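Below, each chain spelled out in residue letters.
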Amino acid sequence: MTPARRDVIICLVAAAALSLLPALVGMRYAITQMTVFFIWVVVVTQWNLVLGVAGIFSLAQMALFAVGAYATAMLGYYFALPMILAMPAAAAVTVAASVVIGLACLRLRGPYVALLTLAISQVIYLLVVNDTACFTNPPSGCMPFLGGVRGFSRFGDLGFRALLGSKWYIAHYYVGLGLAVLAVLFSIAIIHGPLGLAFKALRDSPGYAISRGISKFKYQLWVFGLSAFFTGLAGAFYAVQFGAVGPIVFSLAVLLFLLSMIVVGGMGTIWGPLLGAVLLMLADEGMRELGDWRDIGLGLVLAVFVILLPRGLAGLGAGLRALLARRA
Amino acid sequence: MDVIVQVVASGLTLGAMYAVSTIGLALVYGSLNMLNMAHGAILALGGYVCLYAMTTLGLPGVAGVGLAMIVCGLVGLAIYHLAARPMLASRNFETQIFIATIGLGAVLENVILRLFGPQPVAQPLNLAGAAIVGTVHIPYQNILILAVAIAMMAAVALLLNRTRTGRAIRATAQNRDAAQLMGIRIGRVYAQVLALSGALAAVSGIMISSLSGLLPNMGGDPMLKAFVICVVAGLGNVYGAVAAAIVLGLLESIIQYVLGVQYSFATLLVLVIVVLIWRPAGLFGRSQVVRL
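Residues numbered from 1 in each chain as written. Chains lettered and ligands numbered in written order. Predicted model: local features only at pLDDT ≥ 70, side-chain atom pairs only at ≥ 80, totals over all residues. Heavy atoms only, no water.

## Section: the overall build of chain A
Here is step 1: Tallying secondary structure elements over chain A gives 15 helices and four strands in all.
Here is step 2: With respect to the three principal axes, the spread of C-alpha positions in chain A is 70 × 50 × 40 Å.
Here is step 3: When burial is assessed residue by residue, chain A has 51% of its 328 residues classed as buried.
Here is step 4: Here the contacts in chain A between residues at least 6 apart in sequence split such that 72% fall between residues at least 24 apart.
Here is step 5: Approximately 14400 Å² of chain A is accessible, and the part contributed by carbon and sulfur atoms is 71%. (Helix = DSSP H or I, 4+ residues; strand = E, 2+ residues; numbered from the N terminus. Buried < 20%, exposed > 50% of the residue type's maximum accessible area, 1.4 Å probe, protein only. Contact = heavy atoms within 4.5 Å. Areas by Shrake-Rupley, 256 points an atom, 1.4 Å probe, with all protein chains shown as cover.)

## A short note on the packing of helix H3 (residues 28-53) of chain A against helix H13 (residues 272-287) of chain A
Residue and element names in this part refer to chain A.
Here is step 1: Running from N to C, H3 and H13 point in directions that differ by 140°, and their axes come no closer than 9 Å. As judged from the angle between their axes, H3 and H13 are oblique. Between H3 and H13 lies a crossing whose hand is right-handed. Every residue of H13 that contacts H3 at Tyr29, Gln33, Val36, Phe37, Trp40, Val41, Val44 and Asn48 is listed here: Pro273, Leu274, Ala277, Val278, Met281 and Glu285.
Here is step 2: Looking at side-chain class alone, the contact of H3 with H13 contains eleven nonpolar, two polar and one charged residues. (Axes fitted to C-alpha atoms, helices over the stretch in contact; angles between N-to-C directions. Parallel < 35°, antiparallel > 145°, perpendicular 65-115°, else oblique. Left-handed = near helix turned anticlockwise from the far one by under 90°. Nonpolar A, V, L, I, M, F, W, Y, C, P; charged D, E, K, R; others polar.)

## Description of the packing of aromatic side chains
Residue and element names in this part refer to chain A.
Here is step 1: As enumerated under the stated definition, the model contains 19 aromatic pairs over all chains in all.
Here is step 2: Considering the side-chain rings of Tyr70 and Phe152, the 6.1 Å spacing of their centres and the 80° angle between planes classify their relative orientation as edge-to-face. One end of the pair, Tyr70, is in helix H4 (residues 61-79); the other, Phe152, is in strand E3 (residues 152-153), with 82 residues separating them in the sequence.
Here is step 3: Note on Tyr70: relative accessible area 5%, which makes it buried. (Phe/Tyr/Trp six-rings, centres within 6.5 Å; stacked < 30°, edge-to-face > 60°.)

## Comments concerning helix H10 (residues 238-259) of chain B
In an α-helix, one turn spans 3.6 residues, which is why side chains three or four residues apart end up on the same side.
All names here are of chain B.
Here is step 1: In this model, H10 (22 residues) spans 30 Å end to end at C-alpha, consistent with the 32 Å of a helix rising 1.5 Å per residue.
Here is step 2: Within H10 the residues assigned to the buried category are Val238, Gly240, Ala241, Val242, Ala244, Ala245, Leu248, Gly249, Glu252, Ser253 and Ile255.
Here is step 3: In this fold, the buried residues of H10 make contact with helix H1 (2-32), helix H5 (140-162), helix H9 (220-233) and helix H11 (264-278). (Expected span 1.5 Å × (residues − 1).)

## As for the pairing of strand E2 (residues 136-139) of chain B
Here is step 1: Judged by which residues are buried, E2(B) turns out to be one-sided: Val136(B) and Ile138(B) face inward and are buried, whereas His137(B) and Pro139(B), on the alternate face, are not.
Here is step 2: Linking strand E1 (residues 130-133) of chain B to E2(B), which pair antiparallel, is a turn of two residues; within it Gly134(B) sits at a positive phi near 65°. (Pairing = 2+ DSSP bridges.)

## Things to note about the environment of Ala151(B)
Here is step 1: On the secondary structure map, Ala151(B) appears in helix H5.
Here is step 2: For the pair Ala151(B) and Val20(B), spaced 131 residues apart in the sequence, the C-alpha separation amounts to 10.0 Å.

## Re the packing of helix H9 (residues 194-204) of chain A against helix H11 (residues 216-242) of chain A
Residues and elements named next belong to chain A.
Here is step 1: Two elements in contact, H9 and H11, have axes whose closest approach is 10 Å; the angle formed by their N-to-C orientations is 120°. For the crossing formed where H9 meets H11, the hand is left-handed. Seen from H9, the contacting residues are Leu195, Ala198, Phe199 and Leu202; seen from H11, they are Lys216, Tyr219, Trp222, Val223 and Leu226.
Here is step 2: Across the contact of H9 with H11, the residue classes break down as eight nonpolar, no polar and one charged.

## Comments concerning the pattern of salt bridges
Here is step 1: Applying the stated criterion across every chain, the model contains four salt bridges over all chains.
Here is step 2: Here Arg6(A) makes a salt bridge to Asp7(A), at a shortest N to O gap of 3.2 Å.
Here is step 3: What makes Arg6(A) partly exposed here is its relative accessible area of 39%.
Here is step 4: Residue class for Asp7(A) comes out buried when judged on its relative accessible area of 2%.
Here is step 5: Note that Arg203(A) is salt-bridged to Asp204(A), the shortest N-O span being 2.9 Å.
Here is step 6: Through salt bridges that share partners, Asp221(B), Lys225(B) and Glu252(B) make up one connected network. (Salt bridge = Lys/Arg side-chain N within 4 Å of Asp/Glu carboxyl O.)

## Things to note about helix H1 (residues 3-19) of chain A
Residue and element names in this part refer to chain A.
Here is step 1: For H1, built from 17 residues, the straight-helix expectation of 24 Å at 1.5 Å per residue is met to within 8% by its first-to-last C-alpha distance of 24 Å.
Here is step 2: Residues of H1 that are buried include every one of Asp7, Cys11 and Ala15, and no others. Taken around the axis of H1, the buried residues stretch over an arc of 70°, which confines them to a single face. Those residues of H1 that are exposed and angled more than 90 degrees off the buried face are Arg5 and Val13.
Here is step 3: Of the surrounding elements, those touching the buried residues of H1 are helix H8 (168-192). (Arc of directions from axis to C-beta.)

## Examining the side chain of His39(B)
Here is step 1: Locating His39(B) in the fold gives a position in helix H2 (residues 39-55).
Here is step 2: What His39(B) contacts, discounting residues up to four positions off in sequence, is Ser21(B), Leu25(B), Ser197(B), Ala201(B) and Met223(B).

## Some thoughts on the interface of chain A and chain B
A common way to express how large an interface is: the accessible area buried when the components associate.
Here is step 1: At the interface, 34 residues of chain A touch 39 residues of chain B.
Here is step 2: Both sides together, the interface formed by chain A and chain B hides about 3500 Å², and carbon and sulfur atoms give 78% of it.
Here is step 3: Of all residues in chain A, Tyr112(A), Leu115(A) and Ile307(A) bury the most surface against chain B, accounting for 18% of the area lost on that side.
Here is step 4: For the pair chain A and chain B, the number of links is zero salt bridges. (Buried area = accessible area lost by both parts, 1.4 Å probe.)

## Digging into the environment of Leu146(B)
Residues and elements named next belong to chain B.
Here is step 1: Take Leu146: it is sitting in helix H5.
Here is step 2: Measuring from C-alpha to C-alpha, the distance between Leu146 and Leu12 comes to 7.4 Å, with 134 residues separating the pair along the chain.
Here is step 3: In contact with Leu146, not counting residues within four places along its chain, are Leu12, Thr13 and Ala16.

## Describing the environment of Val49(B)
Residue and element names in this part refer to chain B.
Here is step 1: With respect to the helices and strands, the residue Val49 is situated in helix H2.
Here is step 2: Val49 sits in the buried class, given a relative accessible area of 11%.
Here is step 3: It is 33 Å that separates the C-alpha atoms of Val49 and Ile255, two residues lying 206 residues apart in sequence.
Here is step 4: Apart from the residues within four sequence positions on either side, Val49 is in contact with Leu67, Ala68 and Val71.

## Comments concerning the pairing of E1(B)
Here is step 1: For E1(B) and E2(B), the ladder comprises four bridges, and the chain directions are antiparallel. Paired with Ala131(B) across the bridge in E2(B) is Ile138(B).

## Quick notes on the confidence of the model for chain B
Here is step 1: In the predicted model, chain B carries a mean pLDDT of 84, and the fraction of residues at 70 or more is 97%.
Here is step 2: For this predicted complex, the interface confidence score (ipTM) comes to 0.78, while the overall pTM stands at 0.84. (pLDDT = per-residue confidence, 0-100.)

Structure, rendered in structure tokens:
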């Protein structure tokens, strides 16, 4: 069995098991949290393609997520576009935005990329928050073009509320699961495919890769464009799931939370970021009672993992396996 | 004419404040290739320690500043020993230390939040009154900030150029391996640089908070600006960073006057993005020749 086939089978088995969950667990809170978990899974698996597999230190992924969410909300709000059309349109917008960011970072290396992408996210955030001029004047009050501090709400949904009544959240659970499965399969296909090979070659030895005819220009734009599609779609689904989008999606706390998932799980591996997402969602739930201590806990987790286990849980697993193989 | 004096005066004050915190970041990057994302939290800590020393302990302002510099210097030292040193040898040091210091910064910021609460407080170290130039009022506070900033920059320049420690720091920044071969204990240099950067951050935090008030998350914005300045100048270039800080401070106050306050930071960032695309290693940075 090839590694790619093994990963696909693991993914499908896990998806089949998770699809039974709503039948077993009746608690609405748990199902909704699982839906949020699926959204984060999509984001971290795609971010991992840029950060871990291609080794480009981009922090723009949350800004792209926000672009997807805002584009969906704005298409629904201003053009009354049905969400089912607005979501893919928003994903396309996100891909375009990501390719532009990729172009901007093309000649930069390492930390310069991180700072530039952070600056870009900050510019978008400031533009949204400082937008105070009224674009339209609905009965609810002045509405800036980008939503301002309040953000958007009431821009439509996927129609499950009308169809299923109070059980709509179960339908959203399956939409989230579907998106997460597609995103994971997509990342498996990329990592095991020729594109992944090129990304890893450029990450590990740029000089050698370039001299063997692997174009940095071409593949950097590919990785930015490819990883943005599902990220934008996840943002779009986030908007639909919560029925509102505000500037909070740009906050450093959310960025930190998702970055921790990738780092704790293991950058550049297929299952690492997923594992990290599971762990941090659980830890987050566990620390919910602790209030202010939660952020301290998250910060510590991030620092301790980077310092003591730089390859994450997936790296720890690989290390143990190597140790056992040597013993045997 | 009055407007020009006013804009230049506030621009110079801003630039001087940025310069002090930027020097620390540039020194750290120059010698360790480390971007310290906990810098913003250290900035806030400096402001709060000064507040604590002056209100709760009843110390005079100078002692408050001194205490803040010592505490923040120790925090810098702790970051070196807890985070940077264990990772120095690893291949992805630059990425890892970036992430680790984001985590440590979040911890520090939330500790401050727990200790001092979320409500904004005024910085007690403040000079009342204003000098009158023609018809323009320039607060004494701004003049004090400018004077302190120039004194700090002069002190750092003296340290770097005239002392053994400074020579060791410069040698390490130029070439880590060669410095080590010449018998410089680079571990000690790193520790000194991070402690110095922490102490400078404390001064900068006190200055910023004396104008805008204390908040646990007050450091985020100045830190991003300091990074922006470092990047524009070319990471690790100390003198370039000072020049860029003054220029960006002036530019910011001009943009604030012409376009309005809410667009100043966004415009600056757009400018930086353009600079980076045009000159990937910054304005004063030399593009490195990489041997394969």
